[in-house]
Amino acid sequence: IFPEHDVKYNHILYDFQDKFIDVAKLYYKKTGKELGGWLDVGYESFGWGQTAQFPQIYQGFGIDSVIVAKNVDPQRAPDAEFIWKGTDGTEVLATRLGKDARANFFMNAYLQIMNGMDYKGKDYNYRHGKQGMVFHRADPDGKHNDYFSLECSEQIHKELLVEAVLRAWSFTGSSLLQKDRALMDGSDSTTAQPQLTRLIALANEELEKQGVDIRLQMSDIAEYVALLKEIPTEKLRTVEGELRDGPTTSLSGNALMTRPHIKILNKAVQNKLFRCAEPFSVAAHALGYPYDHGFLDPAVNYLLLSHPHDSINGVTQDKTVRDTVYRLEQAQELSETVYFACCQEMLKHIDTSAYDEQDVLLALFNPLPQPRNEIIKLYIDTPQDQEIWDFDLVDDAGNVLNTQFVSREELVCPVSDLYARPWPLYADRHCIYLQTGEIPAGGYKLLRLRKKNGFFREAVFWPQTRKTKGDELAASPTSMENSFLRVEVCRDGSLNILDKASGRQYCGLNYFQDEGDCGDYWMYYPPYHNRTYSSRGSAASIWLEDNGP
């Protein structure tokens, strides 16, 4: 697309292997600046299990310290602090905190001090008439909703201060920082704690009275991590791979694909936004086309708003799932709009003077930073007045590319025109498979359609028969073979695959199985008297859709 001497823009276009991290980093710092700053610490205290690539991703953001407190097995990390080594060898300083992790102080101290009841004890329940008025809907649609407290019944129980603080303190005993410990005060579904500073002051008074050498102070994660970095490296064990040790009931690993359609859509949106729209916006901008912040910024925002873990995994009510899909679809539509607008702009800059005005041209764009050679399915329209029955696709060097024809149909297409009503285009639509040949990295390839056989539409009675070279993959409706694989479709729809390179046979693949689940959003749990249904041995409907080389 760019002149060879234009090194700056070629470098921009080719150098986006880490585009997702780069874009996210820019967004992260831009948003952080608007809010007054950002935290250069990875906070993963309640993830769905930390994948092995996270150290690499965090270092990509300039983050070298991570809080990873979601059930890291103490056998792997007997001390709370350790070096976490990712798949590619990247290392970060990590801490798994202590028991109850991010909610340690809240669950083991705060709730007891403010309510007079142990959160984990059998007496922790709502006491009617003693904790103020509550609201609950009584209508048929609202009977299943939660009760809502209308009055705050919290008060500091001074007699419980020392006992509760010492319990929270004891749960951080695995820390290598014996004198400075993080008593985390986080939890779901709670508001701010206006009495917290007074609670801390009273707790310090009581601790001093009883001769306990502990003092509480308000702090933040950055200050805590600064203390962690003072731990000598030789004291830290190295832990490799993903941090998803369980137990399963505390891990929520089953929620990773609770609603697969959200994950599939999210992947498609990320590809369209970061591997198509954004890099091509850079290319089009180099040609003088405005970089479309008005579409790309909202697209990134919609995408990130879909990424809270309950949302992206669909472990929530159906309404939230619909909202998540809506945001992803908005990001997808914005991305596609920008991407194809950039493709249109690039087409206007391609020199087509060597071609005839009547030529039908096909442009293949490659937004990725490496060359590609693909087999793709295409629908190519030719004007009906050219009466093209069959054609070749030829590159600018005169090479004929491999094609496989599937179908053709007659249709009328509207040609939109901002300065007129849509123009009708009478066309023949040809469906083909095309082996593209190499498309350069961050570039394009222009092909010309060359007529092989024509026909007289008004007079042809017997159309030309389809021809074959005898090199189709499928020898029958239930088997196919090339130089790498032999595949057989069994009567129940399962597959047997032979890997010719290794000689290994894989049998009974791709059957369907279904069974009951009486768990919750997060956990799979089989019901009593569970029935498992399998498609193995049943009669499947089998047909051959397409067949060619």
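Description of the structure in this document. (Residues numbered from 1 in each chain as written. Predicted model: local features only at pLDDT ≥ 70, side-chain atom pairs only at ≥ 80, totals over all residues. Heavy atoms only, no water.)

### Remarks on the overall build of the protein chain
- In terms of helices and strands, the protein chain carries 12 helices and 20 strands.
- Relative to the compact-globule value of 24 Å for 549 residues, the protein chain shows a C-alpha radius of gyration of 32 Å, a clear excess of over 25%.
- Over its C-alpha atoms, taken along the principal directions, the protein chain stretches across nearly 105 × 65 × 55 Å.
- Evaluated residue by residue, the protein chain yields a buried proportion of 37% over its 549 residues.
- Partitioning the intrachain contacts of the protein chain with sequence separation of at least 6 by distance along the chain shows that 67% fall at a separation of at least 24.
- Of the roughly 33400 Å² that the protein chain leaves accessible, carbon and sulfur atoms contribute 52%. (Helix = DSSP H or I, 4+ residues; strand = E, 2+ residues; numbered from the N terminus. Rg over C-alpha atoms; globule rule 2.2 N^0.38 Å. Buried < 20%, exposed > 50% of the residue type's maximum accessible area, 1.4 Å probe, protein only. Contact = heavy atoms within 4.5 Å. Areas by Shrake-Rupley, 256 points an atom, 1.4 Å probe, with all protein chains shown as cover.)

### Describing the packing of helix α5 (residues 161-170) against helix α6 (residues 196-209)
- One way to put it is that α5 packs onto α6 with a least axis distance of 9 Å and a crossing angle of 95°. Taken together, α5 and α6 sit at an angle that is classed as roughly perpendicular. Contacts between α5 and α6 involve Leu161, Val162 and Val165 on the former and, on the latter, Leu199, Leu202, Ala203, Glu206 and Leu207. (Axes fitted to C-alpha atoms, helices over the stretch in contact; angles between N-to-C directions. Parallel < 35°, antiparallel > 145°, perpendicular 65-115°, else oblique.)

### With respect to the packing of aromatic side chains
- Counted by the stated rule, this structure contains 10 aromatic pairs.
- For the ring pair tyrosine 119 and tyrosine 124, a centre distance of 5.1 Å and an interplane angle of 80° mean the geometry is edge-to-face.
- Taking the relative accessible area as the measure of exposure, tyrosine 119 reaches 33% and is therefore partly exposed.
- Overall, the relative accessible area of 34% leaves tyrosine 124 in the partly exposed class.
- Where phenylalanine 391 meets phenylalanine 405, the ring centres are 4.9 Å apart and the plane angle is 70°; that geometry is what we call edge-to-face. Placement of phenylalanine 391 in strand β10 (residues 388-394) and of phenylalanine 405 in strand β11 (residues 403-415) is noted, with a sequence separation of 14 residues between them.
- It is lysine 99 that lies over the ring of phenylalanine 171; its NZ or CZ is 4.6 Å from the centre.
- One residue, arginine 536, lies across the ring of tyrosine 511, its end atom 5.2 Å from the ring centre. (Phe/Tyr/Trp six-rings, centres within 6.5 Å; stacked < 30°, edge-to-face > 60°. Lys NZ or Arg CZ within 6 Å of the ring centre and 35° of its normal.)

### Comments concerning a nonpolar patch on the surface
- A cluster of nonpolar side chains, contributed by Met133, Phe135, Phe148 and Leu150, occupies part of the molecular surface with about 440 Å² of accessible area.
- For phenylalanine 148, the position within the fold is in strand β6 (residues 148-149). (Patch = residues over 30% accessible without salt bridge, like charges linked within 9 Å, V, L, I, M, F, W, Y side chains within 5 Å. Salt bridge = Lys/Arg side-chain N within 4 Å of Asp/Glu carboxyl O.)

### Remarks on the pairing of strand β16 (residues 485-489)
- In this sheet, β16 lies alongside strand β15 (residues 479-481) in antiparallel orientation, the contact comprising 3 bridges. Residue pairing in the sheet places glutamate 481 in a bridge with arginine 486 of β16.
- Between the antiparallel neighbours β15 and β16 lie 3 residues.
- Hairpin connection of β16 to strand β17 (residues 495-499): 5 residues between the antiparallel strands, including glycine 493 at a positive phi of 90°. (Pairing = 2+ DSSP bridges.)

### Here we look at the pattern of salt bridges
- Summed over the entire model, instances satisfying the criterion amount to 21 salt bridges.
- The salt bridge involving aspartate 139 is made with arginine 137; its shortest N-O contact spans 2.8 Å.
- Overall, aspartate 139 belongs to the partly exposed group, its relative accessible area being 28%.
- By relative accessible area, arginine 137 is classed as partly exposed at 33%.
- Aspartate 392 is paired through a salt bridge with lysine 452; the nearest N and O atoms lie 3.7 Å apart. Highlighted residues: aspartate 392 in strand β10 and lysine 452 in strand β13 (residues 443-454), separated in sequence by 60 residues.
- With a relative accessible area of 13%, aspartate 392 lands in the buried category.

### Things to note about the nonpolar core
- If you look at the biggest cluster of nonpolar residues, it comprises 26 residues, and the most contacted ones within it are Leu273, Phe280, Leu303 and Tyr339.
- Among the secondary structure elements, those contributing two or more residues to this core are α9 (260-286), α10 (293-305) and α12 (318-349).
- Counting 24 residues, the second largest nonpolar core, distinct from the first, contains Met114, Leu161, Leu199 and Leu207. (Core = buried A, V, L, I, M, F, W, Y, C linked by side-chain atoms within 4.5 Å.)

### Details of the packing of α9 against α10
- Remark: α9 packs on α10, axes separated minimally by 11 Å, with the N-to-C direction vectors making an angle of 155°. With respect to their mutual orientation, α9 and α10 come out roughly antiparallel. Taken as a pair, α9 and α10 cross one another with a handedness that is left-handed. Residue-level inspection shows Asn266, Val269, Gln270, Leu273, Phe274, Ala277 and Ser281 of α9 in contact with α10, the latter providing Leu296, Ala299, Val300 and Leu303.
- Split by residue class, the contact of α9 with α10 holds 8 nonpolar, 3 polar and no charged. (Left-handed = near helix turned anticlockwise from the far one by under 90°. Nonpolar A, V, L, I, M, F, W, Y, C, P; charged D, E, K, R; others polar.)

### So, the sheet that holds strand β14 (residues 474-476)
- As summarised here, the arrangement of the 5 strands in space is β14-β15-β16-β17-β18, forming an open sheet in which the pairing is antiparallel. Each edge of the open sheet is held by one strand with a lone partner, namely β14 and β18 (505-509). Here the average twist between neighbouring strands, direction ignored, is 15°.
- Bridge count for β16 against β17 is 5 bridges, and the pairing is antiparallel. The residue bridging arginine 486 from the neighbouring strand is leucine 498, located in β17.

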